[in-house]
Amino acid sequence: MIETWENMSPKDGYVVLMDEKVTNDDIERLDYLYQPIMGVIASGLFSLLKGEANQNPQLSNRKMHNELLSLLNIDLAAFYEARSSLEALGLLKSFEKDDVMGKVMVYQLRRPLEAADFFTDDLLSVLLWESIGDTRYKEITARFALPTLKLDGFKEISKSFLDVFQVSQVHLSNKPDIISESKKSFLTNKKAPQKLIESDTIDSFDFKFFIELLKKSFVSLDEINNQRDLIVSEHLLYDIDEIEMAQFIGDAADLSTNEVDYNVFKQKIAHKYNQQVKLKKQDDPMNDDRQNNGQKSVETLKKVGFSEEDSQLILASDAYSPFDFLKSLKESKGGYVTDSESYLLQQLVQRQIFTNSVINILIHYILIDRDLATLNKSFVDTMANDWSQQKVKTPEDAINQVRHFNTKKTETKVANQRQRKIIKKETLPDWAKDDYQAPEADTEIDKAALQRQLDEFNKTAPKGG
């Protein structure tokens, strides 16, 4: 089962440990490099957990999560979101277990990356730059850059270790047991910096074909291979194909030296895709939108029990990228896509939990069925977690999920109206309840307006597969 905040309780216990000591320099890097990405709540949670870390952690000495919630003045949903951010950024590992005292979590804090490792990690550096912009990024880079001085003309006269110290050759050859044991302990616990995404596991970018495209240029192919992680990261973030990626490389190359400025490379990509949000099309073998779109029609969908309205919605969800779908719905309501919605949608697509068509049904439910003005992160995350647990794979699954809970919701209302004393029954997930994150009550869908909207979708939808 996928762990979500709904599976947690303030009475669950927790114990904190650190695999390495967190220093004041670590906290400085956390504040300047990580906090702009993950927010102040996640940063505050890290600091609280650091203070709770014990040199000799004991499960019997656990504390309750309600203490953390009280100190941070947040609810479980906000806590889970902050914890997830720490985990995703490699700052925390979480483990859970049920024992005789109940459920207990072990939180293992990890040190922030050294500045050099952070700035050479393509995912982290790009995400920080997108969060704070050029000016602030340059300021922070300068803050953590080590001072340099040209040493041309100088001769090094430093002493070597053996020039100053003498060590017994006998002890080096036959080290005392205590030294061997302690060395083994530290080597076992030593951890290499984690990569957020391993480029070797990505098969959606044909690197060999990409190299072939660049052979006609004069850029160093050895350097391109050294920048493999960066190139694959940019592909994952923006769904850039091999041909377009080669064009970006060419645009960032200095014609006089044939060297690629990879900072310029990243900036050109980010500038383009901040203006033209191109979200990732996912290839799910269980539900390839491009293949299915050619097989579906209103008639075939109606034969398996979908209404005319739902059939039109399914076809529209197959035909559009999530951003285009969101943009069309917002414009039909007289609104516009906010920056926070674009970022939220980009995050959801990159998680690769759902195909684009399922994401479109989720968007439609929030903006049309629930008649909300904008996509809310907590609401989207809660729905996505629930749908993932319910094994929603296709837009048809998503439609059935929405209609199923709408039916249950109606039945619950009728049952409650018949009771003098209303008893709250947890028959619905939170995202399906009337009062969840919604300033207004559910409204009835304007079917005529929706039909006009879907007709317009299908007029402009790409034809064929």
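To be clear, the structure that these remarks concern was listed above.
The sections below set out a description of the structure shown in this document. Because the structure is a prediction, the values reported are computed rather than measured.

1. Observations regarding a nonpolar patch on the surface
On the surface, a cluster of nonpolar side chains totalling about 530 Å² of accessible area is made up of Phe-161, Leu-162, Val-164, Phe-165 and Val-167. By the element assignment, Val-164 lies in helix α7 (residues 161-164).

2. Quick look at unusual backbone geometry
For Asn-73, which is not a glycine, the phi torsion comes out positive at approximately 55 degrees. With respect to the helices and strands, the residue Asn-73 is situated in the loop between α3 (65-72) and α4 (76-88). We classify Asn-73 as exposed; its relative accessible area is 70%.

3. Brief notes about the pairing of strand β4 (residues 102-109)
Among the 8 residues in β4, 7 count as buried, and that is most of the element. Two elements, strand β1 (residues 13-18) and β4, share 6 bridges in a ladder whose sense is parallel. Within β4, the residue paired with Val-16 across the bridge is Tyr-107. Here 8 bridges tie strand β3 (residues 92-99) to β4, and the two strands are oriented antiparallel to one another. When the sheet's bridge partners are listed, Glu-96 is paired in β4 with Met-105.

4. Topic: the packing of helix α10 (residues 207-214) against helix α13 (residues 242-251)
Taken N-terminus to C-terminus, the directions of α10 and α13 make an angle of 45 degrees; their axes are 9 Å apart at the nearest point. Comparing the axis directions of α10 and α13 gives the class oblique. Classified by chirality, the crossing of α13 by α10 is right-handed. Contact with α10, carried on its side by Phe-209, Phe-210, Leu-213 and Leu-214, involves Glu-242, Ile-243, Met-245, Ala-246 and Ile-249 of α13 and no other residues of that element. When the residues that make up the contact of α10 with α13 are grouped by side-chain class, the tally is 8 nonpolar, no polar and 1 charged.

5. What about the environment of Leu-315?
Tracing the sequence through the fold places Leu-315 in helix α17 (residues 308-319). Taking C-alpha positions, Leu-315 is 7.3 Å from Ser-297, a pair spaced 18 residues apart along the chain.

6. Some thoughts on the packing of aromatic side chains
What the rule picks out here adds up to 9 aromatic pairs. Aromatic side chains Tyr-32 and Phe-144 sit 6.1 Å apart centroid to centroid with 75 degrees between the ring planes, which places their arrangement in the edge-to-face category. Linking Tyr-32 in helix α1 (residues 24-38) with Phe-144 in helix α6 (residues 122-144), this pair joins segments that are 112 residues apart in sequence. Phe-144 sits in the buried class, given a relative accessible area of 14%. Aromatic rings pair up to connect Tyr-34, Phe-118, Phe-119 and Tyr-137 into one cluster. Over the ring of Phe-207 we find Arg-228; its NZ or CZ atom is 4.5 Å from the centre of that ring.

What counts as what
- Residues numbered from 1 in each chain as written.
- Predicted model: local features only at pLDDT ≥ 70, side-chain atom pairs only at ≥ 80, totals over all residues.
- Heavy atoms only, no water.
- Patch = residues over 30% accessible without salt bridge, like charges linked within 9 Å, V, L, I, M, F, W, Y side chains within 5 Å.
- Areas by Shrake-Rupley, 256 points an atom, 1.4 Å probe, with all protein chains shown as cover.
- Salt bridge = Lys/Arg side-chain N within 4 Å of Asp/Glu carboxyl O.
- Helix = DSSP H or I, 4+ residues; strand = E, 2+ residues; numbered from the N terminus.
- Buried < 20%, exposed > 50% of the residue type's maximum accessible area, 1.4 Å probe, protein only.
- Pairing = 2+ DSSP bridges.
- Axes fitted to C-alpha atoms, helices over the stretch in contact; angles between N-to-C directions.
- Parallel < 35°, antiparallel > 145°, perpendicular 65-115°, else oblique.
- Left-handed = near helix turned anticlockwise from the far one by under 90°.
- Contact = heavy atoms within 4.5 Å.
- Nonpolar A, V, L, I, M, F, W, Y, C, P; charged D, E, K, R; others polar.
- Phe/Tyr/Trp six-rings, centres within 6.5 Å; stacked < 30°, edge-to-face > 60°.
- Lys NZ or Arg CZ within 6 Å of the ring centre and 35° of its normal.

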